[in-house]
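These are the residues of each chain, in order.
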Amino acid sequence: MGDAMPGSTQHRLLVLGSMDEFVPLVDKAHERGIHVVACDGYPDGPAKQVADARYDVDIHDYDSVADICRSEGIDGIVTAYSDVLAECAAEIAERAGLGFYLTPERLATLRDKTLMKRMFDELGVPYPKTAVVKSESLAADLSPLRFPVVTKPVNAWGSHGVFLLDSVDEVAERFNEVASYSEGDAILVEEYNDGYEFNMMTWVVDGEPVVLEIADREKSVEIPHVTPHVSRIVYPSALTDIVLSDASDIISRVARYVGMENGPLCMQFFWSPERGVQICECAGRVFGYEHELLELATDGRLSIEDLLLDCTYDHAGARARLAAHDP
């Protein structure tokens with residue numbers, strides 16, 4: 001996506017994020033002879049201690065970070081593991097004239113759950129029955145759904161505002177809390193799918209996703225009304241052979257819809273013998289910490305850090321790296 005500075009053979013990379021998971025990325029970049037600038041609002045970020053230059057700037061201050069890119073002669077920007085980091089990187093890249101794997105407008109489809117559901121509808125992708133619920137019409141909005149249901153903010157990230165509820169009254173009690181995590185006066189409510197649950201990490205190469213891994217999301221229940229939380233990620237999934245074909249077809253359609261040619265595209269989904277595959281959500285970033293499983297399972301042959309750098313500077317390298325990979 002970028003070329004080195006005029007008269008120089010050394011790439012200059014902005015790493016957006018400096019927490020401990022970014023240290024291996026900085027190290028991998030240094031192995032390739034890349035000059036690394038680390039930037040975010042954490043003055044003590046571990047990745048800043050090993051980078052060549054550091055800036056303590058809020059990642060949401062897009063114009064200031066774009067100015068840093070210009071002053072430092074940055075020719076590539078990379079980040080991972082977080083929806084908000086990916087969103088900020090796309091905005092900064094656009095302002096700084098840098099390439100990124102998705103524009104802010106296209107990335108929004110993988111961030112805003114209402115846009116994502118619209119995409120699923122247009123693609124004919126199955127997902128748990130969902131309703132947009134407003135406080136003034138709560139009971140009517142919920143009437144098409146079967147309880148138990150799961151509440152979600154419209155466009156927040158993480159697990160904020162996610163509750164497993166059994167009645168209209170319980171949704172009403174939690175409404176304001178869920179709505180507070182995103183803009184607007186509505187929340188998303190979907191029927192709870194109690195089937196097997198999976199994470200799938202793929203890397204899009206020349207417009208086609210390559211499945212890196214499918215992992216089981218094993219769940220535990222300790223707190224009432226909170227959706228069963230993931231207590232263990234197991235890779236490879238024992239059901240990989242059963243779900244791989246359908247899941248791969250869906251993620252390929254999503255990649256084409258958002259226009260992704262190269263970069264990370266991940267998906268959470270459910271499967272049961274009765275319902276088959278149903279999609280929870282797609283994300284234009286790598287699942288944090290779980291990415292380490294890929295490196296462990298391939299005995300170091302594949303790493304997300306290498307793929308992130310390939311995505312920025314060497315698409316042919318990513319193609320060669322993934323040519324013989326089997327999830």
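Residues numbered from 1 in each chain as written. Predicted model: local features only at pLDDT ≥ 70, side-chain atom pairs only at ≥ 80, totals over all residues. Heavy atoms only, no water.

### Some details on helix H3 (residues 62-71)
Burial in H3 covers these residues: Tyr-62, Val-65, Ala-66, Ile-68 and Cys-69. Viewed along the axis of H3, the buried residues span an arc of 155 degrees, placing them on a single side of the element. Following H3 by one or two positions, Gly-73 adopts a phi angle in the positive range, close to 65 degrees. (Buried < 20%, exposed > 50% of the residue type's maximum accessible area, 1.4 Å probe, protein only. Helix = DSSP H or I, 4+ residues; strand = E, 2+ residues; numbered from the N terminus. Arc of directions from axis to C-beta.)

### Concerning the sheet that holds strand S1 (residues 12-16)
Spatial ordering of the open sheet is given by S3-S2-S1-S4, a layout of four strands whose pairing is parallel. A strand with exactly one partner marks an edge of an open sheet, and here the two such strands are strand S3 (53-56) and strand S4 (76-78). Taking the axes of each pair of neighbouring strands and ignoring which way they run, one obtains an average angle of 20 degrees across the sheet. Running at roughly 140 degrees to S1, helix H4 (residues 83-96) makes contact with S1 and S4 of the sheet. Sitting on the sheet, helix H11 (residues 304-313) is in contact with S1 and S4, with an inclination near 150 degrees to S4. (Pairing = 2+ DSSP bridges. Axes fitted to C-alpha atoms, helices over the stretch in contact; angles between N-to-C directions. Contact = heavy atoms within 4.5 Å.)

### Observations concerning the sheet that holds strand S5 (residues 130-134)
Taken together, the four strands give an open sheet; going across it, the order is S5-S8-S6-S7, and neighbouring strands pair in antiparallel fashion. Sheet topology places S5 and strand S7 (163-165) at the edges, where each strand pairs with a single neighbour. Strand after strand, the sheet turns through a mean of 30 degrees between neighbouring axes, direction not considered. In this sheet, strand S8 (residues 186-191) lies alongside S5 in antiparallel orientation, the contact comprising five bridges. Along S8, the bridge assignment pairs Ala-131 with Val-189. Where helix H6 (residues 113-123) meets the sheet, it contacts S5, strand S6 (149-152) and S8, and its direction lies at approximately 45 degrees from that of S8.

### Focus: the side chain of Lys-48
By secondary structure assignment, the location of Lys-48 is in helix H2 (residues 46-50). Residue class for Lys-48 comes out buried when judged on its relative accessible area of 4%. In this structure the side chain of Lys-48 is engaged in a polar contact, spanning 2.8 Å, whose partner is the backbone oxygen of Tyr-42. Contacts of Lys-48, omitting those with residues within four sequence positions, involve Ser-18, Ala-38, Cys-39, Asp-40, Tyr-42, Pro-43, Arg-54, Tyr-55 and Asp-56. (Polar contact = N/O pair within 3.5 Å; in protein donor to acceptor, adjacent residues only side chain to side chain.)

Any functional reading would require information that these geometric values do not contain.
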